[in-house]
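Summary of structural features
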Amino acid sequence: MDSSRLCVHTITTKPWPIEVAMDKYAAAGIGGITVWRQALEGRNIAKVGDDLRARNLEIVSLCRGGFFPNKTPEGRAEAIEENRRAIREAAELGAPLVVLVCGAVPGHPLAESRKQIADGIAAVLPLAEELNVRLGIEPLHPMYADDRSAINTMASANAVCDELDHPLVGLAVDAYHVWWDPDLAAQIALTGEKNRLFAFHVCDWLTPTTDLLNDRGLMGEGCIDLKGMRALVEAAGFTGYHEVEIFSNRWWSADQDEFLARIQQAYAEHC
Ligand code: ZN
């Protein structure tokens, strides 16, 4: 089983602290890791980066920054500072990319949120440039437009990229969030053409979905055409990792060694 282009997000095996996760992933022959910031709490970040590299795990990205919109100027300024912290952490870790879940506030007009997102990214870009860290806007499924992101389609993410027009700003494309989009193929092609296809996340959409956040499926358990989407991103020039990002109360309560083995098997069969 070739897992050299498979990357696992630390949140996927949330019960494992990063020290355990890195040993398990490396022993399984997994090529990449995306680190969630909470996995770094209380750690020496540079040392974690060294430990990952010592295990031949490529650090694909740091999750996550974003959450720029806020009803108050103080809240927006604090969000910008938090994103600067995330960019510094990525540089310390050796992650080339920070994934942005851009944010939304219930009752706050979406158009206003989108403007604050573009302004927020523009405000942190000088630091991203200085530290050479890319920023990947992850469009989120519209069911999260109330409180997690006002950027809900690839077209909307590309509009922010057009406005900022900067080589360090692109997209993180997550199958879970965009699989339903009638413009999926065209938008993936456009994103590739503009050299903005920074990351590709996979999992599956369950029917029924019983929890809006923590009921994602393992690849093959749901209805997303992952092989089709992989073909689209590769046709658009993407050569990066296939990142498994699963939030699942069901899988988190299972034996994590068994889950990791199932991830590798599902990746081989369905991706
Ligand atoms: Zn994702």
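Our subject is the structure listed above.
**Describing the coordination of the zinc ion**
Here the zinc ion is held by E138 (OE), D174 (OD), H201 (ND1) and E245 (OE), and the distances to it run 1.9 to 2.2 Å. If you look at the zinc ion, its 4 donor atoms make angles of 83 to 161° with each other, and the shape they trace is irregular. Read in sequence order, the donor residues for the zinc ion give the motif E-x35-D-x26-H-x43-E. With D174 in strand β6 (residues 169-174) and E245 in the loop between β8 (242-244) and α9 (249-252), the pair connects residues that are 71 residues apart, well separated along the chain. Residue E245 is classed as buried on the basis of its relative accessible area of 2%.

**Overview of unusual backbone geometry**
Of the consecutive residues C63 and R64, the connecting peptide bond is found in the cis state with omega at 0°. Along the chain, T207 connects to P208 via a cis peptide bond; the corresponding omega equals -5°. Looking at the element boundaries, P208 is found in the loop between β7 (197-202) and α8 (226-235). The backbone phi angle of F67 is positive, close to 50°, even though this residue is not glycine. Here F67 lies in the loop between β3 (58-66) and α3 (73-93). Overall, the relative accessible area of 33% leaves F67 in the partly exposed class. Phi at N195 takes a positive value of approximately 60°, unusual for a residue other than glycine. Within the secondary structure, N195 sits in the loop between α7 (184-193) and β7. Judged by its relative accessible area of 63%, N195 falls in the exposed class.

Conventions and cut-offs
- Residues numbered from 1 in each chain as written.
- Predicted model: local features only at pLDDT ≥ 70, side-chain atom pairs only at ≥ 80, totals over all residues.
- Heavy atoms only, no water.
- Donors = N, O, S within 2.8 Å, 3.2 Å for Na, K, Ca; no water.
- Tetrahedral: all angles 85-135°; square planar, octahedral: opposite > 155°, others 65-115°.
- Helix = DSSP H or I, 4+ residues; strand = E, 2+ residues; numbered from the N terminus.
- Buried < 20%, exposed > 50% of the residue type's maximum accessible area, 1.4 Å probe, protein only.

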